[in-house]
Amino acid sequence: SSQKNKILVHSDTQGERDNMVIPTGEKVSCLITYRCKDEAQYLLGLGLYNGVVQVWQIRVDDWTSTKILEQTLHEKQKPVKDICFIDESRIVSGGLDKTIRVLTFDRDGQPVGEPVPLRMSLQCRGMKIKGVTGLTNEKKAELIARGAVG
């Protein structure tokens, strides 16, 4: 991997500075951390520009890192735009491919089932569109069907 495809993790404890290098293999688009019930363990979630989500286990007691999960959740070459841990075994990711997916994984980082896509429908309840210009009759009818007020 190239020099720029990595994350540097720093720790300052008792005046000593430790560094850890996480080799991502691809450019990182977003990241999140999660403190586990075991206080010496954190999860680092990485969203990559190629649609892949990685989960790394970081142990602060012995200052080690292990990649426990790497899975393509979004279309290739469509970046992951945001990620969030629900808990120690589920991560949500949103991508530039306009999908949101929930992935459940076990303690070893193995996926449990298929990623679950979330669906969102546009609701326009109470939105006032009277006087708005540039809407086609078709678009106006669609907004009214979703609850907009003409």
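Residues numbered from 1 in each chain as written. Predicted model: local features only at pLDDT ≥ 70, side-chain atom pairs only at ≥ 80, totals over all residues. Heavy atoms only, no water.

Points about a nonpolar patch on the surface
The cut-off we apply is this: The patches described consist of residues with a relative accessible area above 30% and no salt bridge, like charges being joined within 9 Å and nonpolar side chains (Val, Leu, Ile, Met, Phe, Trp, Tyr) within 5 Å. Accessible areas in this description were obtained via Shrake-Rupley with a 1.4 Å probe; residue shielding takes into account the shown protein chains only. By salt bridge we mean one thing: a side-chain nitrogen of Lys or Arg within 4 Å of a carboxyl oxygen of Asp or Glu. Each helix is a run of H or I in the DSSP string that is no shorter than four residues. Each strand is a run of E no shorter than two, and both are numbered from the N terminus. For every residue, the accessible area obtained with a 1.4 Å probe (protein chains only) is divided by the maximum for its type, and the residue is called buried under 20%, exposed over 50%, and partly exposed between those limits.
Side chains of Ile100, Val116 and Leu118 sit close together on the surface and give an oily, nonpolar patch of about 240 Å² of accessible area. If you trace the backbone, Val116 turns up in strand S10 (residues 116-118). Of the residues examined, Val116 reaches a relative accessible area of 45% and is grouped as partly exposed.

Considerations on the pattern of salt bridges
Under the criterion given, the structure shown has six salt bridges. For Arg35, the salt bridge identified is with Glu39, shortest N-O distance 3.3 Å. For the salt bridge of Asp87 with Arg90, the shortest nitrogen-to-oxygen distance reads 2.8 Å. The class for Arg90 is partly exposed, based on a relative accessible area of 31%.

Let's talk about the sheet that holds strand S9 (residues 100-104)
How we decide: Pairing between two strands is assigned when DSSP locates at least 2 bridges connecting them. Orientation is described by axes fitted as lines to C-alpha atoms, over the contacting stretch for helices, and by angles from 0 to 180 degrees between their N-to-C directions.
Across the sheet, four strands lie side by side as S7-S8-S9-S10; this open sheet has antiparallel pairing. Looking at which strands have only one partner, the edges of the open sheet turn out to be strand S7 (80-87) and S10. Each strand axis lies, on average, 25° off the axis of its neighbour in the sheet, ignoring direction. Sheet topology note: the strand S8 (residues 90-95)/S9 ladder contains five bridges and is antiparallel.

Observations regarding unusual backbone geometry
Most peptide bonds take the trans configuration, and most residues that are not glycine carry a negative phi. Here the phi dihedral of Trp63 falls at roughly 55°; this positive angle occurs in a residue that is not glycine. Judged by relative accessible area, Trp63 falls into the partly exposed class, the value being 21%. The residue Gln77 is not glycine, and still its phi comes out positive at about 65°. On the secondary structure map, Gln77 appears in the loop between strand S6 (64-72) and S7.

Description of the sheet that holds strand S4 (residues 41-48)
If you trace the four strands from one edge of the open sheet to the other, you get S3-S4-S5-S6, paired in antiparallel fashion. On the outer flanks of this sheet lie strand S3 (28-35) and S6, each paired with one strand and no other. The sheet shows a mean angle of 20° between the axes of neighbouring strands, direction not considered.

Keep in mind that these numbers describe shape and distance, not what the molecule does.
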